[in-house]
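# Coordinate analysis (summary)
Next come the chains, spelled out residue by residue.
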Amino acid sequence: MGTIDNFVRYIEANPPQRTNQFRMSITRNSQRAFYCESVTVPGRSLATMERRQFGTQREFPYERLYSGDLEISLIISETGGERKYFEDWMNEIIDDDHKIADSRQAWLGSAEIELHSPWDRNAPTPFSKLKFVEVFPKAIGTINLSMTADDEYAVLPISLSFRSYTYEGEDGQAFGL
């Protein structure tokens with residue numbers, strides 16, 4: 001029975017992270033928080049190549065890879081300001097005459113996902129954060145509207161491209177990803 005007691009003590013000391021306890025924000029000229037139905041954080045891997053340096057071949061890592069874009073599903077307000085925010089941002093990147101903005105830095109932003117503990121709702125700060133750099137909207141998805149849907153809200157899927165992200169733990173220590 002020692003293993004069950006150890007497991008219980010471990011869970012009490014290290015509660016599991018809940019998937020619905022997060023806050024998403026994007027910063028360009030100013031920070032803006034969004035109400036999200038869901039956020040999909042891409043996976044991470046290392047690209048490797050096989051090399052022989054005496055003896056058997058071995059794999060050597062040479063590049064960080066991410067499994068995709070940062071995918072968010074925004075809950076749209078009645079005014080639809082969320083869609084306008086991303087439409088305007090995309091129009092700044094490539095204008096109506098199909099001209100790309102002169103400065104890449106002018107249209108890049110950053111994104112942050114704060115992970116909060118449901119066990120300590122009074123905590124003023126999150127216990128960890130994911131910070132994405134060189135972010136820009138890559139795609140605005142479709143919005144499904146239906147006359148037969150009762151008491152449902154509209155959701156706007158957005159794909160955000162990013163260069164890299166860092167993970168900050170509870171103690172503020174950053175881990176580069």
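Please read all numbers here as calculations on a predicted model, not as lab measurements.

Moving on: the overall build of the chain. The number of helices and strands found in the chain is three helices and 11 strands. The order of helices and strands in the chain, counted from the N terminus, is α-β-β-β-β-β-β-α-α-β-β-β-β-β. The long-range fraction of contacts in the chain, counting pairs at least 24 apart against all pairs at least 6 apart in sequence, stands at 61%. Accessible surface, the chain: about 12,500 Å² in total, of which carbon and sulfur atoms supply 49%.

Let us look at the packing of aromatic side chains. Evaluated as defined, the whole model comprises 11 aromatic pairs. Between F132 and F162, the ring centres sit 5.1 Å apart and the planes meet at 85 degrees, which makes this aromatic pair edge-to-face. With F132 in strand 8 (residues 128-140) and F162 in the loop between strand 9 (155-161) and strand 10 (164-168), this residue pair connects regions lying 30 residues apart in the sequence. In this structure F132 comes out as buried when scored by relative accessible area, which is 1%. Given the relative accessible area of 11%, F162 is considered buried. Seen in terms of ring centroids, F162 and Y165 are 6.0 Å apart; in terms of plane orientation they differ by 55 degrees. Their pairing is tilted. In this structure Y165 comes out as buried when scored by relative accessible area, which is 6%. An aromatic cluster is present here, built from F34, Y85, F86 and W89 joined pairwise through their rings.

Moving on to the nonpolar core. The biggest cluster of nonpolar side chains holds 27 residues, and the ones touching the most others in it are M24, I26, L70, F86, W89, F132 and L160. Counting only elements with at least two residues in this core, the list comes to strand 1 (22-27), strand 6 (70-75), helix 2 (81-93), strand 7 (109-115), strand 8 and strand 9. Considering every element that reaches this core, the biggest residue donor is strand 8, with five residues. Sequence-distant contacts of L160, defined by excluding residues within four places in its chain, comprise M24, I26, D69, L70, I72, F86, V135, F136, P137 and K138.

What the rule picks out here adds up to nine salt bridges. Close ionic contact of R23 with E114 constitutes a salt bridge, the shortest N to O distance being 3.9 Å. On the criterion of sequence distance, the pair formed by R23 in strand 1 and E114 in strand 7 is long-range, its members being 91 residues apart. Of the residues examined, R23 reaches a relative accessible area of 32% and is grouped as partly exposed.

Space inside the second largest pocket adds up to approximately 210 Å³. In this structure, the second largest pocket is lined by N144, L145, S146, A149, E152, Y153, A154 and V155.

Okay, the environment of R51 next. Along the chain, R51 turns up in strand 4 (residues 44-52). Accessibility expressed as a relative area gives 46% for R51, which makes it partly exposed. Discounting residues that sit within four places of it in the chain, R51 has contacts with T56, Q57, R58 and F60.

What follows concerns the pairing of strand 1. Note that strand 1 and strand 7 share six bridges and pair antiparallel. Along strand 7, the bridge assignment pairs F22 with L115. Of the strand pairs in this sheet, strand 1 and strand 2 (residues 31-34) are connected by four bridges, and their pairing is antiparallel. By the bridge assignment, S25 is partnered in strand 2 with A33. What sits between the antiparallel neighbours strand 1 and strand 2 is a turn of three residues.

Parameters at a glance
Residues numbered from 1 in each chain as written. Predicted model: local features only at pLDDT ≥ 70, side-chain atom pairs only at ≥ 80, totals over all residues. Heavy atoms only, no water. Helix = DSSP H or I, 4+ residues; strand = E, 2+ residues; numbered from the N terminus. Contact = heavy atoms within 4.5 Å. Areas by Shrake-Rupley, 256 points an atom, 1.4 Å probe, with all protein chains shown as cover. Phe/Tyr/Trp six-rings, centres within 6.5 Å; stacked < 30°, edge-to-face > 60°. Buried < 20%, exposed > 50% of the residue type's maximum accessible area, 1.4 Å probe, protein only. Core = buried A, V, L, I, M, F, W, Y, C linked by side-chain atoms within 4.5 Å. Salt bridge = Lys/Arg side-chain N within 4 Å of Asp/Glu carboxyl O. 1 Å grid on protein atoms, 1.4 Å probe; cavity = no way out; pocket = protein on both sides within 12 Å on 5 of 7 lines; lining within 4 Å. Points joined across faces, edges and corners; volume = space filled by probe spheres on them. Pairing = 2+ DSSP bridges.

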